[in-house]
Amino acid sequence: MTEEKTLTDLAITGTIPAALRGRYLRIGPNPTTPDPAGYHWFTGDGMVHGIALGEGKAIWYRNRWIGSKRVGAALGRPAAPGPRHGGFDTVNTNVLGIAGRTFALVEAGSYPVELNDTLDEQTYNPFDNTLMGSFTAHPHRDPLTGEYHAIAYEATDPNTIRHVVLSPDGQVTREEPIAVRHGPSIHDCAITQRYAVILDLPVTFSMKTLIGGHSFPYSWNPDHPARVGLLPRAGSNDDVIWCPVDPAYVFHVANAFDAPDGTVVIDVVAYASMFAESLQGPDAAGQFERWTVDPVERTVSRRVIDADAQEFPRPDERRFGQPYRYAYTIALPENSFTIADTRLYKHDMEAGTRETHEFGAGRHPGEFVFVPARVDAAEDEGWLIGLVIDLPQQTTDLVILDAQHFTAQPVASVQIPHRIPPGFHGNWIDDLCQSAF
């Protein structure tokens, strides 16, 4: 998109549930001055899109660039205030509620950016100066303790990653260093009630790629042993239980939990390799897998849940770190790492079944997030919310599905009269600027 918009007259199909009072926010790369030379779609200037809902109405749509120094220079306006970390300030990967506030996030570089309710006020904010290093795009909230857990890495330090913990009020209480080699790219992590789960996999920093002029200098490294680390949540580097796993790469975790037999279960979308043949994406389609980690034998067994290409797995996040039943993913084309399929999947992990919601020809969903109908709602009792691009019409819908009637027509759709470019992650943030759970 080439401009920032504010729209208040939005058409609605169906009925928006009265309980949905807040904002759906989604972020992704949107270069202010596109330059194909050396560009990687992970590194473009961040843009947040938001739709506010309340009283059964669509109140507004807004899109705003994240105010990095590069964006400020390109648009001829001041950059967002606040401290920078190591010169990095592009933020483009996730936007979510943390401790009653809204933050845009990126891994391995910039400090988070705090946003106000309308997205117009932005401040680079290392959690009120309690964060010393980089952060992650995927912190995970433990619904039982209220803590947020993350595995963070620095692009400039190939030998160290950090287990970062935020208190329920959003202050960093722990940045525990963990030794690694080669500078692994760790996009996501997981937690159980016993462990923080580290995915140390063979996509690592590549000097050759950097010298070649690529803005995302990471590639497949067959010399880097793939392993899963189980870090006791209050443990240190010497306490990590490292377990080798067959080479693979994981962008996103659906969930993880401690099994009764002492093993750790991790559900992921796994790729046989990543950035080996092309720096633009995987070398083959990813598949939904269950990894079972035995901390005594130090082994990882892998089982395919669903071999069809898919991504962006999301559970009911009130179950994060605990046994759960349902996961929701988007389908991807078999031969392309693009948001270009027309289907959303719902996996019943207990029954071993899959349902499919078909949006129709030319209608392409991005990541959908589960929003419970109320605080004490049952798992799967609520709505799935996400953006669907209508490519022939060059428009976008914010679609609300009833999760328990997954294949039925949407409960409601809010029509956005332009195409919102495919992006990364989105979340529902309620009226108090915190996650719905």
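Residues numbered from 1 in each chain as written. Predicted model: local features only at pLDDT ≥ 70, side-chain atom pairs only at ≥ 80, totals over all residues. Heavy atoms only, no water.

## Some words on the packing of aromatic side chains
Next, step 1: Under the criterion given, the structure shown has 16 aromatic pairs.
Next, step 2: Plain terms: the ring middles of Phe42 and Phe251 are 5.9 Å apart, the flat faces sit at 75 degrees to each other, and that makes the pair edge-to-face. One end of the pair, Phe42, is in the loop between strand E3 (22–29) and strand E4 (46–54); the other, Phe251, is in strand E20 (residues 249–258), with 209 residues separating them in the sequence. Both residues of the pair, Phe42 and Phe251, belong to the buried class.
Next, step 3: For the ring pair Phe359 and Phe368, a centre distance of 5.8 Å and an interplane angle of 40 degrees mean the geometry is tilted.
Next, step 4: For Phe359, a relative accessible area of 10% corresponds to the buried category.
Next, step 5: Three or more aromatic residues link up through ring pairs in this structure, and these residues are Phe42, Tyr153, Phe205, Phe216, Tyr218, Tyr249, Phe251, Tyr271, Phe275 and Phe424.
Next, step 6: The ring of Trp60 carries Arg62 above its face, with NZ or CZ at 4.5 Å from the centroid.
Next, step 7: Above the ring of Tyr326, the side-chain terminus of Lys346 is found at 4.8 Å from the ring centroid. (Phe/Tyr/Trp six-rings, centres within 6.5 Å; stacked < 30°, edge-to-face > 60°. Helix = DSSP H or I, 4+ residues; strand = E, 2+ residues; numbered from the N terminus. Buried < 20%, exposed > 50% of the residue type's maximum accessible area, 1.4 Å probe, protein only. Lys NZ or Arg CZ within 6 Å of the ring centre and 35° of its normal.)

## Things to note about the environment of Pro81
Next, step 1: Within the secondary structure, Pro81 is located in the loop between helix H1 (69–75) and strand E6 (94–98).
Next, step 2: When the C-alpha positions of Pro81 and Ala377 are compared, they lie 40 Å apart, and in sequence the two are 296 residues distant.
Next, step 3: Every residue in contact with Pro81, bar those within four places of it in the chain, is listed here: Gln122, Thr123 and Tyr124. (Contact = heavy atoms within 4.5 Å.)

## Overview of the sheet that holds strand E19 (residues 241–244)
Next, step 1: The 4 strands lie next to each other as E14-E15-E18-E19, forming an open sheet whose pairing is antiparallel. Looking along the sheet, the strands with just one partner apiece sit at the ends: strand E14 (190–191) and E19.
Next, step 2: Here strand E15 (residues 195–200) runs beside strand E18 (residues 227–232); their pairing, made up of 6 bridges, is antiparallel. Paired with Ala196 across the strands is Leu231, a residue of E18. (Pairing = 2+ DSSP bridges.)

## Considering the pairing of E6
Next, step 1: For E6, the tally of buried residues reaches 5 of 5 residues, placing the bulk of the element in the interior.
Next, step 2: Burial along E6 is two-sided: the residues Asn94, Leu96 and Ile98 and Val95 and Gly97 are all buried.
Next, step 3: In this structure, E6 lies alongside strand E7 (residues 101–105), joined through 5 bridges in antiparallel fashion. Bridge pairing links Asn94 to Leu105 in E7.
Next, step 4: The loop that links E6 with its antiparallel partner E7 comprises 2 residues; one of these, Ala99, has a positive phi angle of about 55 degrees.

## Points about the environment of Val293
Next, step 1: Within the fold, Val293 resides in strand E22 (residues 287–294).
Next, step 2: Val293 gets classed as buried once you look at its relative accessible area, which sits at 0%.
Next, step 3: In sequence terms Val293 and Ala226 are 67 residues apart; their C-alpha atoms lie 13 Å from each other.

## A word on the sheet that holds strand E21 (residues 264–271)
Next, step 1: A sheet is described by the order of its strands in space; here 4 strands give the open sequence E20-E21-E22-E23, paired in antiparallel fashion. Each of the sheet's edge strands pairs with one partner strand only, and the pair in question is E20 and strand E23 (299–306). Strand-to-strand twist in this sheet, taken as the mean axis angle between neighbours without regard to direction, amounts to 25 degrees.
Next, step 2: Examined bridge by bridge, E20 and E21 share 7 bridges and lie antiparallel to one another. The residue of E21 that forms the bridge with Val250 is Ala270. (Axes fitted to C-alpha atoms, helices over the stretch in contact; angles between N-to-C directions.)

## Regarding the confidence of the model for the protein
Next, step 1: When pLDDT is averaged along the protein, the result is 95, and 98% of the positions lie at 70 or above.
Next, step 2: Note on residues 432–437: pLDDT is under 50 here. Beyond four places in sequence and across chains, it has 21 contacts. (pLDDT = per-residue confidence, 0-100.)

## Things to note about the side chain of Gln122
Next, step 1: With respect to the helices, strands and loops of the structure, Gln122 is situated in strand E9 (residues 122–124).
Next, step 2: Residue Gln122 is classed as buried on the basis of its relative accessible area, which comes to 11%.
Next, step 3: Within the structure, the side chain of Gln122 is placed 2.8 Å from the backbone nitrogen of Gly67, a separation counted as a polar contact.
Next, step 4: A distance of 3.4 Å separates the side chain of Gln122 from the backbone oxygen of Leu119, its partner in a polar contact. (Polar contact = N/O pair within 3.5 Å; in protein donor to acceptor, adjacent residues only side chain to side chain.)

## A few points about the nonpolar core
Next, step 1: Ranked by internal contacts, the top residues of the largest apolar core, which has 73 residues, are Val228, Ile266 and Trp291.
Next, step 2: Membership of the second largest hydrophobic core comes to 20 residues, among which are Leu10, Tyr61, Val369 and Trp428. (Core = buried A, V, L, I, M, F, W, Y, C linked by side-chain atoms within 4.5 Å.)

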